[in-house]
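# Per-entry structural report
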Amino acid sequence: MIRIRLLGSIQAFREGREVPSGTPQQRLVLARLALAEGRAVSADTLCEILWGDRIPASAASTLQSYVSRLRSALGRDAVVRQGGGYRLVDTDTDVAEYDRLCERASRADAAEAEMIWRTALALFDEPLPGLPGPWAEAQREFLRRRHRRNLIACATGPCERGGEERLDLIVRLRRDDPFREDLLLAHLRTLDALGRRGEALALYLDMRSRMVEEQGLEPGREVKRFHRRLLAGEPAREDALSVPPRPREFVGRESILRRFTSHLETAAGGAPVYSVHGPAGIGKSSLAVEAAYRARGRFPDGVVFVNARGADERPLDVGTVLAQTLLSLGVPPEDIPADSDGQVALLHRRLRGRRVLLIVDNVFAVSQIDRLIPREPGCATVITSRAPLPDVAGEEVSLGGLSEGEGIDLLCRLAGAERVLSEVAAARSLVDMSGRYPLAVSLMGSRLAASPGLGLAEFLGVLKAVEAVKDVPSERTGVRAALIASNRYLDADLMVRYRLLSIPDLDEITVEEAAAATGRSLGETESDLAEFVGLSMLIPASDGRYRFHDLLREYIQSYASAPERRQVLEEILDLHLAQAVAARNLHDPDSPHLQTLPTPATPYHAFADGTAALAWLASFPPRTLRVLRQALEAPRFPFRLGLSVIQALEWLAEHYPNSELIRQSLERIAILASESEDDRALAKVLQIAANMFGSRSGGLNDPGLSTACARKSFRLAVEVGDDLTAGHALRSEAFLRFTLREYSPAIELQTRAIEHYRRAGAEASIANSLAERSRAKAFLGRYGEAIAEVEDSVALIESVPGRDLHSGILYTYGVVLLMAGRPDEGVGKFAESLTVSNRAERDKRWAALTHMRMADCRLSSGDLRDCERLCAEAVAVAERIGDGWTAANTLLIWARARELGGDDAGAARLRGRVADSPVDKAILEVPSR
């Protein structure tokens, strides 16, 4: 066995004994072969590394002499000739060992990771010291950057490194990148874990001031959430997860809470389920959250709270509930599979070996949660619902109202014991009038607390005026009475703002959304929200959001006028449009629709980086679509705003599972545009529909409908003189024809699209159409034309501002070169595309797709080992994010590599995985050439 050391010094060891590694030039050859990890390196490449552009006539003989000396030192069979190059056999390096250890550490649990990280990081030293030339310098820089990424992974991961040692590492890393938020969060957490909470709070305030002043940005969501925990004095551990704030004034229910604790104890080693049902306003959610806080010591890996929205007109489906649970467990949005089977599998993998309490609030039907309930020993589930859920096994509680004593106790806590007990008869009447619902009692107590001069008897007289209302269900009477009383004492403008907040169909509302709804500044809005929380009219939720109690929103929303509804929905959609445009400019800049979107009325929204933009795109579009659907049903809604929102979110065709909601929005906008005789707008919405219905993934795929929409869009666009939309419509149909393998029609359609783009002066769209046309020509075997055309595309895009963001054209260049039999050049273009897309922080689907193409190149060039490595990376990412098409194609490439390597059984297993996958086999490409 040969061991090559490349970190700290260049040394070679044979059977444990050091052997001469030669001159710097000879060590350069040794290092290049060693870093190839058993793959062959061509003689041309080695000569270029040694001499650059000035390769002497004696290069071949000199290189041969270096190889001969290496054979003498390492063993004759250690360096073998392969093709036109050389490779090392039976060799390992400290760089490869370092990489293996870092990979193990990133996958290990916290306890094991600490030891592995220590071993791995101790290995690293100055890479390739003393080696001359640009290749060696480039490799040194590459290895240093990779080491820094590993240091960051160690500092921010679950590894439980010693406190001061970890802190020193974080401080060193932050000197070079002080605004990197994962390092800032790790810094805050480590200070808190060391008992230095005061320093953590001071660090947050200092960094927030610097970020606002120097970058114009607030700290991110996770940093803000951690800061709130520091202020609240809560155990600010990573595993605190997503439980809402503890109820401020929780009274009674002690016997039920004891039953809950007892059930957990008797079910030790199992996975107990505890369900609570009762009418709205009875306190189910507060009970579940209080139980979670009391029991959290039994669940060291955290508490997860998910609202299933069972009281809404359209409760969440099981896929959305699963996705929200995974997000709360810390799964990045881009890693959540699109299908429920993948989500369930990922959920159980995340829970395996962990002790987590899951609270699923507001469940409507068992179908929302039947696949969600953890079965892993040590986990537990609490479910709340209005009606019993007979098919859920476990302990069941029917929750009733407070006792009279508990109701008076709650009033005492809110309005003051001396004041309440001095008018105990009136207090009893108030509790009775509330129906003994905690929500109604809280509203009454909060109102009394806000009016110190108001006597209980006087307040009771106000409420009796509404007691006789007969058209309100009994469960809402106390709430209605308390709110009418609040109207009498609250500032009229404040009540108007409260009503406006209730309008959007959102279970939680952000400060930005609240400001948009009320037309107030963020500072003024935060003050309003704090006052509503103090009056028990809003509940603080996670991540700086606020939510209504269902009954409260139902009641107050009924008083909103039609003009108020329309105005509020327009303002929130305009805010979401600004956020979507900002997110997509970072995350998906290639979209042609970004060029045609109007400037939102809301000031332009900024994201810290592409990761923050991706997080927004993963969590907000479902909220936006809910508001859009609500707005489109309102009379005289400006449908062009809805069209802009759909344009900004066109990517949902492939990424959002609720395709029916998208379809409904498209149909409604098309109807409104047609009724308004606005053919220009109708052409645009039909073109977007053609794109969405032509997508090969997602739930909207309908080639026939896509074709019809594209052709009608083109006809209307030509009639109104909109060349840009006409070009987009032709390009949409061309893409569909390409996916259906109708390459000649695709070429003809792209040619027509280019003519319209030229008239519109849309150079970026011309470049993209040229690239797409070149790919279709390559599939017809017209490789010379295809290469010339994609080179024209690259030249054109280089003249357009922001060309670095067009990684798609580089990707297409790689595909064309691969198909033309030039796989080594193709790998280079794919690598360049991947570098550019990483700089633009595109999503992981793009990375999986590019790795698949690079694997295909390696297969074509005969580098089976690297092919399989790339396949493994592509399949892992594609399966994790639910991209079945990329996963299946990659598995077929992988199977071909196994066949060529003589592993027919392995190839059969891989093909079997493709056969078992749900992806449509008719749309798969033939991966081997």
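Residues numbered from 1 in each chain as written. Predicted model: local features only at pLDDT ≥ 70, side-chain atom pairs only at ≥ 80, totals over all residues. Heavy atoms only, no water.

## A few points about the overall build of the chain
Summing up its helical and strand segments, the chain has 42 helices and 14 strands in all. The 929 residues of the chain split such that 55% are buried. Contacts in the chain between residues far apart in sequence, at least 24 positions, make up 68% of those at least 6 positions apart. Counting only carbon and sulfur atoms, one obtains 49% of the accessible surface of the chain, whose full area is about 38,900 Å². (Helix = DSSP H or I, 4+ residues; strand = E, 2+ residues; numbered from the N terminus. Buried < 20%, exposed > 50% of the residue type's maximum accessible area, 1.4 Å probe, protein only. Contact = heavy atoms within 4.5 Å. Areas by Shrake-Rupley, 256 points an atom, 1.4 Å probe, with all protein chains shown as cover.)

## Quick word on the environment of R210
Among the structural elements, R210 can be located in helix α9 (residues 197-215). Sequence-wise, R210 and P178 are 32 residues apart; in three dimensions their C-alpha atoms are separated by 9.8 Å.

## A few points about the pairing of strand β1 (residues 2-5)
Within a regular strand, side chains alternate between the sheet's two faces. Side chains I2 and I4 of β1 all project onto a buried face; the interleaved residues R3 and R5 project onto a face where none is buried. What sits between the antiparallel neighbours β1 and strand β2 (residues 11-14) is a turn of five residues, in which G8 has the positive phi angle 90°. The pairing of β1 with strand β7 (residues 91-93) spans three bridges and is classified as parallel. Directly across from R3, in β7, lies its bridge partner D92. (Pairing = 2+ DSSP bridges.)

## So, the packing of helix α32 (residues 703-720) against helix α33 (residues 723-739)
For the pair α32 and α33, interaxial distance at closest approach is 8 Å and the crossing angle is 160°. With respect to α33, the element α32 is oriented roughly antiparallel. The hand of the α32/α33 crossing is left-handed. For the pair α32 and α33, contact is made by P703, S706, T707, A710, R711, S713, F714, A717 and V718 and by T725, A726, A729, L730, E733, L736 and R737, respectively. Grouping the constituent residues of the contact of α32 with α33 by class yields nine nonpolar, four polar and three charged. (Axes fitted to C-alpha atoms, helices over the stretch in contact; angles between N-to-C directions. Parallel < 35°, antiparallel > 145°, perpendicular 65-115°, else oblique. Left-handed = near helix turned anticlockwise from the far one by under 90°. Nonpolar A, V, L, I, M, F, W, Y, C, P; charged D, E, K, R; others polar.)

## Some details on the packing of aromatic side chains
For the coordinates displayed, the defined rule picks out seven aromatic pairs. Relative to Y274, the ring of F260 lies with its centre 5.0 Å away and its plane at 75°, an arrangement referred to as edge-to-face. A residue pair is termed long-range when its members are at least 10 positions apart, and F260 in helix α11 (residues 254-266) and Y274 in strand β8 (residues 273-277) qualify at 14 residues. The exposure classification of F260 matches that of Y274, with both residues buried. Look at F738 and F779: their rings are 5.4 Å apart centre to centre, the planes differ by 85°, and that puts the pair in the edge-to-face class. Pair noted here: F738 is in helix α33 and F779 is in helix α35 (residues 763-779), with a separation of 41 residues, a long-range link. By way of ring pairs, the aromatic residues F738, Y743 and F779 are connected into one cluster. (Phe/Tyr/Trp six-rings, centres within 6.5 Å; stacked < 30°, edge-to-face > 60°.)

## A short note on the side chain of R497
Secondary-structure assignment places R497 in helix α21 (residues 492-501). Residue R497 is classed as buried on the basis of its relative accessible area of 14%. R497 has contacts with T518, R520 and D528, leaving out every residue within four places of it along the chain.

## So, helix α2 (residues 43-51)
Buried residues of α2: A43, L46, C47, I49 and L50, and no others. Seen from one end, α2 has its buried residues packed into an arc of 160°, which puts them on one side. Facing away from the buried side of α2, by more than 90 degrees, are the exposed residues D44 and E48. Of the surrounding elements, those touching the buried residues of α2 are α1 (24-35), β4 (41-42), α3 (59-74), β6 (85-88) and α6 (134-156). (Arc of directions from axis to C-beta.)

## Focus: unusual backbone geometry
With a phi close to 50°, E15 is a non-glycine residue in the positive phi region. Among the secondary structure elements, E15 is positioned in the loop between β2 and β3 (17-19). Its identity is not glycine, yet L128 carries a phi of approximately 50°, on the positive side. Residue position: L128 is located in the loop between α5 (110-123) and α6.

## Describing the nonpolar core
Counting residues in each nonpolar core, the largest one holds 76 residues, and the members touching the most others are Y498, L501, L538, L573, I646, L666 and V685. With 10 residues, the top contributor of residues to this core is helix α31 (residues 679-693). Those residues within four positions of L666 in sequence are excluded, and the remaining contacts are I646, V685, I688, A689, M692 and F693. In this structure, A12, L46, L74 and A186 belong to the second largest nonpolar core, which totals 57 residues. (Core = buried A, V, L, I, M, F, W, Y, C linked by side-chain atoms within 4.5 Å.)

## Details of the sheet that holds β2
In space, the four strands of this open sheet follow the order β3-β2-β1-β7, with mixed pairing throughout. For this open sheet the edge positions go to β3 and β7, each flanked by a neighbour on one side alone. Taken over all neighbouring pairs, the strand axes of this sheet differ in orientation by 30° on average, direction set aside. Where β1 lies against β2, four bridges are found, and the strand directions are antiparallel. Paired with I2 across the two strands is R14, which belongs to β2. Along the sheet face, α3 touches β1, β2 and β3 and points at about 45° away from the line of β2.

## Thoughts on the state of the cysteines
The tally for this structure, following the rule as stated, stands at zero disulfides. Free cysteine C871: the closest other cysteine sulfur is in C867, separated by 4.1 Å. (Disulfide = S-S within 2.5 Å.)

## Examining α6
Over its 23 residues, α6 runs 33 Å from end to end, which matches the ideal 33 Å to within 8%, given 1.5 Å per residue. All buried positions along α6 are accounted for by W135, A136, R140, L143, R146, H147, N150, L151, I152, C154 and A155. (Expected span 1.5 Å × (residues − 1).)

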